[in-house]
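Each chain, letter by letter, is given below.
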Amino acid sequence: MGIHKILIDYEKCTGCKKCYRACYVDVIVWDAEAKRPVAKYPEECATCSWCELSCPEGAIQVIPVNPVSIPEPYPRSFYPKSYVEE
Amino acid sequence: MSDIEKYGEVFTADVLILGGGLAGLIIANRIKELNNNLDVLIVEKATTGYSGSKANKGAGVMWVLDETDDVDKFLEFYVNEVGHYLEDQEMVKIYAETSLRLVKLFENWGIDIMRDENGKLSRIEEIPLWALTAYDLDIMLKLRKLAKKNGVRMVNKTQSVELLTSGDAVTGAVGFDITNGTFRIFKSKATVIASGSCNWMATNMWSSGRGDGVAAAYRAGAQLRNAEISNFYNIGLRGNMSSIVGGQYALYNDLGEYIPPKYCKEWEPDFDINIFLGMEKEIMEGRGPILFEETEIFVKNPIAAGGFLFKWDREWAGKFWNTLMAKEAKYTSDERWRPEVVPLFIGEMGAISVDYSMRGTLRGMWALGDASKSGSSFCGATPPPCRLRGSGLTWAGVSAILAGPSVAEYAAGAGDPTVYEDQIGEFKEAIFSPMKRKTGMNPRDGIRMLQEVITPPRYSIRKSRERIEESLKVINNLYGLVENEVSPEEDYHMLGLCHDLRNMTYCSEIYMKSALERKETRGWHVREDFPEQDDHNWRKWITARLESGKLKLSSEKIPFENYKYNP
């Protein structure tokens, strides 16, 4: 289990704000002082990669993590013993 | 009516649109076309033109009935396979007949729609009753550009939380900037909710649908309808969030047995609840896990993996999907032959009750797209997308087309909206009250608690009184936690999540209590304790409303006397 990674290459980033605008779940915030994006809330990342697709410099990359943590659809207590023991 | 500026930034508009996704942008442009003098303002939690869960993050497929299709034949299919007599047959007809207008509207606006060499909309031999077409995924940027050109104003990064009311009329909304906490007051003659359904943040693509508009409308006194049918699922690889459209025809149990013939009809346009019941049965009887055999998926399933879309080379969809698939191959793909699949909970609780003009039960309020797809009674006993892939995007547009004239007319004729200082003050106090708790429970943990009692199949596929009550216990507990424990730790993004959790808690209560009320099995509403369809007692809609601080369920007669098909 883990949190998706959003990597920003600040050497390449020109501060155009496109990735900040493209994020639909507020993962990327804008650092007004540095005039650069910051991937502050990766917990909410839906790995749609629109930030990456929007970046003209190829400066941002989303790395999805597997497995994603979702509630277990069939908790082990619900499985027959034979399967659980397996 | 006095100095409300002291509370925060004040905006006024003739038409306020909450949500800058597909439905929001279409209605904004439509209103300006109908009456360019109207001042239209979109308020969006993310950025208008990028937001919304599906328009630019899926296949871009649109379901359409074209000139050659037979509306009656379609309706007959729909009644039997989708609505199970809980749909509003008139609404289904209106939707079907309006869908082609949407294609023409898009083309007028310079948006390319997939057509074959003869100029006809794409048709799949195995699906003879409707056409499936598509647009490219830059549609939102085009609609945003058009809206800017039309003079539509946009306020982004602003989470609208509550609707302002004056008697039985909605007169605006309040919310806050999720980047810096600025409180914003929006006064409007007409208010359009286009902020999606509630999907409990369970599955990636639907992650932004957190029930904001649905819960706000409910708290303002609007009626909700058909909330019990809020349990859409896909099939997906365990641990990965990709939906495998058509995956029901590629499933094996752990004994190597091909299971679809046991649970599926020979041909199905999309998932049916029976395959999910079947997957659970296989596991309960010791033949799990359920495994996916990719080579089978194209055998019977015409829309699998968007097969028909390969005919059209789309620049943005190509970039989008190639990027996602490359990442999947590199980072998350399960390389085993026959990997394990599980039901992926989607949700789609969009239960704001509306009429054929998408007008809600409060004056001056309309609800479009996912926010009202179930509440319009279009879906009947199957949750959106109603076994019609592409109907979500089409519904966003069709509902905007249907609402346009009545919104424009109302806004042009209404006087200045009345807002009350004491209501604004109370809302402001409540919205920021979690900020007073410097530390406390993380709202993400609360959201997880909700997911645990909503998303597993035993709560939303195979329901029973016992399990619904178990779920409601947690939901009740969460109301207390939201009120007293959850803390954003002085961060406005986290304050947004606190409100998301609150809204999802409301949606959960309405969903589960409505499901408890419907004591029968019909379509996707499956009750283990009431396994039969009961046409005598339950051929009616369940409605929900907040009265004196409590959820009140009632029922509404379905006007079968006006319909062609009767059980």
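Criteria and thresholds
- The written sequence of each chain sets the order in which its residues are numbered from 1.
- Labels are handed out in written order, letters beginning with A for the chains and numbers beginning with 1 for the ligands.
- Predicted model: local features are reported for residues with pLDDT of at least 70 only, side-chain atom pairs are reported and counted for 80 or more only, and whole-chain, interface and lining totals are derived from all residues.
- As a rule here, side-chain values cover all heavy atoms of the structure and leave hydrogens and water aside.
- Residues are treated as being in contact if the distance between any of their heavy atoms lies within 4.5 Å.
- Once two parts are put together, the accessible area they lose, assessed with a 1.4 Å probe and summed over both, is termed the buried area.
- One side-chain nitrogen of Lys or Arg within 4 Å of one carboxyl oxygen of Asp or Glu is enough to make a salt bridge.
- Structural elements are reduced to axes, namely lines fitted to C-alpha atoms, with helices fitted over the stretch in contact, and the angle between N-to-C directions of any two is expressed from 0 to 180 degrees.
- Helix and strand definitions here come from DSSP, where helices need a minimum of 4 consecutive H or I residues and strands a minimum of 2 consecutive E residues; each element is numbered from the N-terminal end.
- To sort the angles, those under 35 degrees are grouped as roughly parallel, those over 145 as roughly antiparallel, those from 65 to 115 as roughly perpendicular, and the leftovers as oblique.
- Residues are grouped as follows: Ala, Val, Leu, Ile, Met, Phe, Trp, Tyr, Cys and Pro are nonpolar; Asp, Glu, Lys and Arg are charged; every other residue, Gly included, is polar.
- Exposure classes here rest on a 1.4 Å probe applied to the protein chains alone. A residue is buried below 20% of its type maximum, exposed above 50%, and partly exposed in between.
- Lining residues are those with an atom within 4 Å of a point, where the points come from a 1 Å grid over the protein atoms alone and group into cavities, where a 1.4 Å probe fits but cannot get out, or pockets, open sets with protein on both sides within 12 Å along at least five of seven lines.
- Grid points are joined across faces, edges and corners, and a volume is the space filled by probe spheres set on the points.

**Topic: the interface of chain A and chain B**
Here comes step 1: With 41 residues of chain A at the interface, the matching set in chain B holds 56 residues.
Here comes step 2: Summed over both sides, the interface of chain A with chain B buries roughly 4200 Å², with 59% coming from carbon and sulfur.
Here comes step 3: Together, Tyr24(A), Trp50(A) and Tyr74(A) form the three largest contributors to the area buried by chain A at its contact with chain B, with a combined 20%.
Here comes step 4: At the surface where chain A touches chain B, the tally comes to six salt bridges.

**Focus: the packing of helix α3 (residues 89–108) of chain B against helix α10 (residues 391–413) of chain B**
All names here are of chain B.
Here comes step 1: Between α3 and α10, the shortest axis-to-axis distance is 8 Å and the interhelical angle comes to 90°. With respect to their mutual orientation, α3 and α10 come out roughly perpendicular. Two secondary-structure elements touch here, α3 through Met 91, Ile 94, Tyr 95, Thr 98, Ser 99, Arg 101, Leu 102 and Leu 105 and α10 through Ser 391, Leu 393, Thr 394, Trp 395, Gly 397, Val 398, Ile 401 and Leu 402.
Here comes step 2: Taken together, the residues of the contact of α3 with α10 sort by class into 10 nonpolar, five polar and one charged.

**Let's talk about the pattern of salt bridges**
Here comes step 1: Summed over the entire model, instances satisfying the criterion amount to 51 salt bridges over all chains.
Here comes step 2: As a salt-bridge pair, Asp491(B) and Lys40(A) come within 3.5 Å of each other at their nearest N and O atoms. Residue Asp491(B) is located in the loop between α14 (465–484) and α15 (492–517), and its partner Lys40(A) is located in the loop between β3 (36–39) and α2 (50–54); the two belong to separate chains.
Here comes step 3: One salt bridge in this structure joins Arg115(B) and Glu107(B), with 2.8 Å as the shortest N-O distance.
Here comes step 4: Three or more residues are tied together by salt bridges with common partners; here these are Glu257(B), Lys262(B), Lys281(B), Glu282(B), Glu285(B) and Arg287(B).

**Overview of the environment of Ala215(B)**
Residue and element names in this part refer to chain B.
Here comes step 1: Here Ala 215 is to be found in helix α5 (residues 212–219).
Here comes step 2: Overall, Ala 215 belongs to the buried group, its relative accessible area being 1%.
Here comes step 3: Along the primary structure Ala 215 and Leu 163 are separated by 52 residues, whereas in three dimensions their C-alpha atoms are 10.0 Å apart.
Here comes step 4: Not counting the four nearest positions on each side in its chain, Ala 215 is found in contact with Asn 503 and Tyr 506.

**Here we look at unusual backbone geometry**
Residues and elements named next belong to chain B.
Here comes step 1: A cis amide bond, omega 0°, links Gly 288 with the succeeding residue Pro 289.
Here comes step 2: Along the chain, Pro 289 turns up in the loop between α7 (273–284) and β12 (291–292).
Here comes step 3: Unlike most non-glycine residues, Arg 338 shows phi in positive territory, near 55°.
Here comes step 4: Take Arg 338: it is sitting in the loop between α9 (315–332) and β13 (341–347).
Here comes step 5: The class for Arg 338 is partly exposed, based on a relative accessible area of 25%.
Here comes step 6: For Arg 387, which is not glycine, the phi torsion reads 60° and is therefore positive.
Here comes step 7: Residue position: Arg 387 is located in the loop between β14 (365–367) and α10.

**Quick look at the layout of surface pockets**
Here comes step 1: Empty space within the second largest pocket amounts to approximately 600 Å³.
Here comes step 2: Residue lining of the second largest pocket: 25 residues in total, with Glu43(A), Glu44(A), Ser69(A), Met201(B) and Gln451(B) positioned closest to the centre.
Here comes step 3: Split into classes, the residues belonging to the lining of the second largest pocket amount to 13 nonpolar, seven polar and five charged.

In short, geometric facts, not functional conclusions.
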